[in-house]
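# Overview (structure and organization)
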Amino acid sequence: MTDPPRPLVAGNWKMNGLGGDGLALAADLARRAASAKGEESPACDLLVCPPATLLWRVAEALGQSPIAVGGQDCHADAKGAHTGDIGAEMLKDAGATYAIVGHSERRAGHSETDALVRAKAEAALGAGLCAIVCIGETEAQYGAGETLGVLEKQLAGSLPKGPGIAPGAAKVVIAYEPIWAIGTGLTPSLDEIARVHAHIRGILGGASAEGGSIRILYGGSVNAANAAEILALEEVNGALVGGASLHADDFWSIARSCP
Ligand code: PGA
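Residues numbered from 1 in each chain as written. Predicted model: local features only at pLDDT ≥ 70, side-chain atom pairs only at ≥ 80, totals over all residues. Heavy atoms only, no water.

### Points about the overall build of the protein
What counts, and what does not: The numbering of helices and of strands both runs from the N terminus, where a helix is a DSSP run of H or I of at least 4 residues and a strand a run of E of at least 2. Taken over C-alpha atoms, the radius of gyration is set against a globule rule of 2.2 Å times the number of residues to the power 0.38. Relative accessibility decides the category of a residue: with a 1.4 Å probe and only protein chains considered, values under 20% of the type maximum give buried, values over 50% give exposed, and everything between is partly exposed. By definition, residues are in contact when any of their heavy atoms lie within 4.5 Å. Here the Shrake-Rupley method, with its probe set to 1.4 Å, supplies the accessible areas, and only the displayed protein chains count as covering residues. Positive residues here are Lys and Arg, negative ones are Asp and Glu, while His and the chain termini are left out of the count. Just so you know, the charge point we use is NZ for Lys, CZ for Arg, CG for Asp and CD for Glu.
Helices and strands together make up the secondary structure of the protein, namely 11 helices and 8 strands. Relative to the 2.2 N^0.38 estimate, which gives 18 Å for 259 residues, the radius of gyration of the protein is 17 Å and therefore close to what a compact globule would have. With respect to the three principal axes, the spread of C-alpha positions in the protein is 45 × 45 × 35 Å. Residues classed as buried in the protein amount to 51% of the 259 residues present. Taking contacts inside the protein between residues at least 6 apart in sequence as the whole, the part at least 24 apart equals 73%. Approximately 11400 Å² of the protein is accessible, and the part contributed by carbon and sulfur atoms is 55%. Side chains of the protein give 19 positive and 29 negative charges; the mean places of these two sets differ by 5 Å.

This is how it looks when you write it as structure tokens:
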């Protein structure tokens, strides 16, 4: 057995934040990170994913702090005639070290397929970013007991192939986000989360160094009150946090909940 990977607590700001409140939030987090000492420091890596308009300035505001910055999406191509899109290298140029790909809001709202998500993940890795690949079942699939099958299919179709996964396994992060839990205040039971994460770890080849080093985050209505029990589960290596990441107190409290 390999040691569990260091947890990652990532904030997905989605389409929220203007120069005023977004930069104030980043500055607040940077201050907390700078003044946290010893046991006050979260036992995890920290990441915020602001809207693209704020990436550069948030990266600057976080400066030397240990909080990383990520994009919420990237195009599968490195550059070219794709009006309104952003390439992975551009994210990196703006200060990002991560890119979220395949979030359910993009899969649903922009008709993104597993194959496209895989291409985006490979583009992110190609640019030297860590790719956070999101998967998750709908409420109907959950109700029908199809969760594990759905996730298996999404993993088979959207994880980057080949060299991206093996030597750079730590560069790939999986976020399990039940769609029905996102922004609803609902979460699966702790047993269900544990069962799903164990299953994903098995698919990744958890006994191998590569498969064991991939972080599997849980996402969907994580908040300051439920974070500790979720983050304590085996094979939960952090959280992808939406709404609660817009409030410095809540985000910090979630990060501090890492065991
Ligand atoms: P939520 O969103 O924490 O607001 O449920 C999570 C996500 O969509 O990443």
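Structure's up, so let's keep going.
### Quick word on the environment of Val172
Residue placement: Val172 occurs in strand β6 (residues 172-176). Between the C-alpha atom of Val172 and that of Asp250, which follows or precedes it by 78 residues, the distance is 26 Å.

### Re the pairing of strand β2 (residues 45-49)
The condition is simple: A pair of strands counts as paired when DSSP detects no fewer than two bridges linking them. Looking down the strands as they point away from the viewer, one classifies a crossover as right-handed if the path from the first strand across the helix to the second runs clockwise.
In terms of burial, β2 is a largely internal element, 4 of the 5 residues being buried. One ladder, built from 5 bridges, connects strand β1 (residues 8-12) with β2; its direction is parallel. If you follow Val9 over to β2, its bridge partner there is Leu46. A crossover connection joins β1 to the parallel β2 through helix α1 (residues 19-35); in handedness this β-α-β unit is right-handed. Bridge count for β2 against strand β3 (residues 67-71) is 3 bridges, and the pairing is parallel. By the bridge assignment, Val48 is partnered in β3 with Val69.

### Regarding the pattern of salt bridges
Should their charged atoms come close, side chains of opposite charge can pair. For the record, the criterion: Just to be clear on terms, a salt bridge is a Lys or Arg side-chain nitrogen sitting within 4 Å of an Asp or Glu carboxyl oxygen.
One pass over the structure, following the stated rule, counts 11 salt bridges. Among the salt bridges present, the one from Arg32 reaches Asp249, with a minimum N-O distance of 2.7 Å. Here the residue Arg32 occupies a position in helix α1, and Asp249 occupies one in helix α11 (residues 248-256), the gap between them amounting to 217 residues. For Arg32, a relative accessible area of 22% translates into the label partly exposed. Residue classification places Asp249 among the exposed positions, given a relative accessible area of 53%. The partner of Arg201 in a salt bridge is Glu235, and the shortest N-O contact between them spans 2.7 Å. A residue pair is termed long-range when its members are at least 10 positions apart, and Arg201 in helix α8 (residues 190-204) and Glu235 in the loop between α10 (227-231) and β8 (238-241) qualify at 34 residues. Connected through salt bridges with shared partners, the residues Asp73, Arg106, Glu112 and Lys120 form a single ionic network.

### Quick look at α1
Filter applied, for reference: One fewer than the residue count of a helix, multiplied by 1.5 Å, yields its expected span.
Helix length check: α1 (17 residues) gives 24 Å between terminal C-alpha atoms against 24 Å at 1.5 Å per residue, within 8%. Those residues of α1 lying buried are Gly22, Leu25, Ala26, Asp28, Leu29, Ala30 and Ala33. If you follow the buried residues of α1, they end up packed against β2, α2 (55-62), β3 and α11.

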